[in-house]
Amino acid sequence: MRRLELLRVEHRDLDSAIAALVTGGGGDQMQIARLKKRKLRLRDEIAILEDALVPDIIA
């Protein structure tokens, strides 16, 4: 549960960092692309952990 919260915080932080680089014009495109790729990996890991928390119910 703690790991999930840490991933969510990191995902939000990356979102803020990407937005700052894009609006500020200070970041190069490669750096922004790396941050976006990391953000997508975090989203996937968050989804996996969330799925593990919800039991499968076969009706």
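Shown above is the structure to which this text applies.
This text gives an overview of the structure that appears in the document. (Residues numbered from 1 in each chain as written. Predicted model: local features only at pLDDT ≥ 70, side-chain atom pairs only at ≥ 80, totals over all residues. Heavy atoms only, no water.)

### A few points about the overall build of the protein chain
Across its full length, the protein chain carries two helices and zero strands. Taken against the 2.2 N^0.38 rule, which gives 10 Å for 59 residues, the C-alpha radius of gyration of the protein chain at 15 Å runs more than 25% over that of a compact globule. Along the first, second and third principal axes, the C-alpha set of the protein chain runs to 50 × 20 × 15 Å. The 59 residues of the protein chain split such that 17% are buried. A separation threshold of at least 6 residues defines the contact pool for the protein chain, and within that pool the share at least 24 residues apart is 68%. Just so you have it, the protein chain exposes about 4800 Å², and 58% of that area is on carbon and sulfur atoms. Seen as two clouds, the 11 positive and the 10 negative side-chain charges of the protein chain have centres 5 Å apart. (Helix = DSSP H or I, 4+ residues; strand = E, 2+ residues; numbered from the N terminus. Rg over C-alpha atoms; globule rule 2.2 N^0.38 Å. Buried < 20%, exposed > 50% of the residue type's maximum accessible area, 1.4 Å probe, protein only. Contact = heavy atoms within 4.5 Å. Areas by Shrake-Rupley, 256 points an atom, 1.4 Å probe, with all protein chains shown as cover. Lys, Arg positive; Asp, Glu negative; His and termini not counted. Charge placed at Lys NZ, Arg CZ, Asp CG, Glu CD.)

### Re helix H2 (residues 29–53)
Residue pairs spaced three or four apart in an α-helix point in one direction, given the helix's 3.6 residues per turn. Between the first and last C-alpha of H2 there are 36 Å, a value that for 25 residues agrees with the 36 Å anticipated at 1.5 Å per step. Turning to H2, its buried residues are Ile32, Lys39, Leu42 and Ile46. (Expected span 1.5 Å × (residues − 1).)

### Re a nonpolar patch on the surface
There is a patch of nonpolar side chains on the surface, built from Met1, Leu53 and Val54 and spanning about 360 Å² of accessible area. Looking at the element boundaries, leucine 53 is found in helix H2. (Patch = residues over 30% accessible without salt bridge, like charges linked within 9 Å, V, L, I, M, F, W, Y side chains within 5 Å. Salt bridge = Lys/Arg side-chain N within 4 Å of Asp/Glu carboxyl O.)

### Details of the pattern of salt bridges
Within the structure shown, the criterion is met by six salt bridges. In this structure, lysine 39 and aspartate 15 form a salt bridge, with 2.7 Å as the shortest nitrogen-oxygen distance. On the criterion of sequence distance, the pair formed by lysine 39 in helix H2 and aspartate 15 in helix H1 (residues 2–24) is long-range, its members being 24 residues apart. With a relative accessible area of 39%, aspartate 15 lands in the partly exposed category.

### Description of H1
Taking 1.5 Å as the rise per residue, H1 with 23 residues should run 33 Å; its terminal C-alpha atoms sit 33 Å apart, in good agreement. When we look at burial in H1, the residues that qualify are Leu4, Leu7, Leu14, Ile18 and Leu21. Buried positions along H1 lie against H2. Where H1 ends, the next residue or the one after it, glycine 25, has phi of about 70°, a positive value.

So yeah, pure geometry; function would need other evidence.
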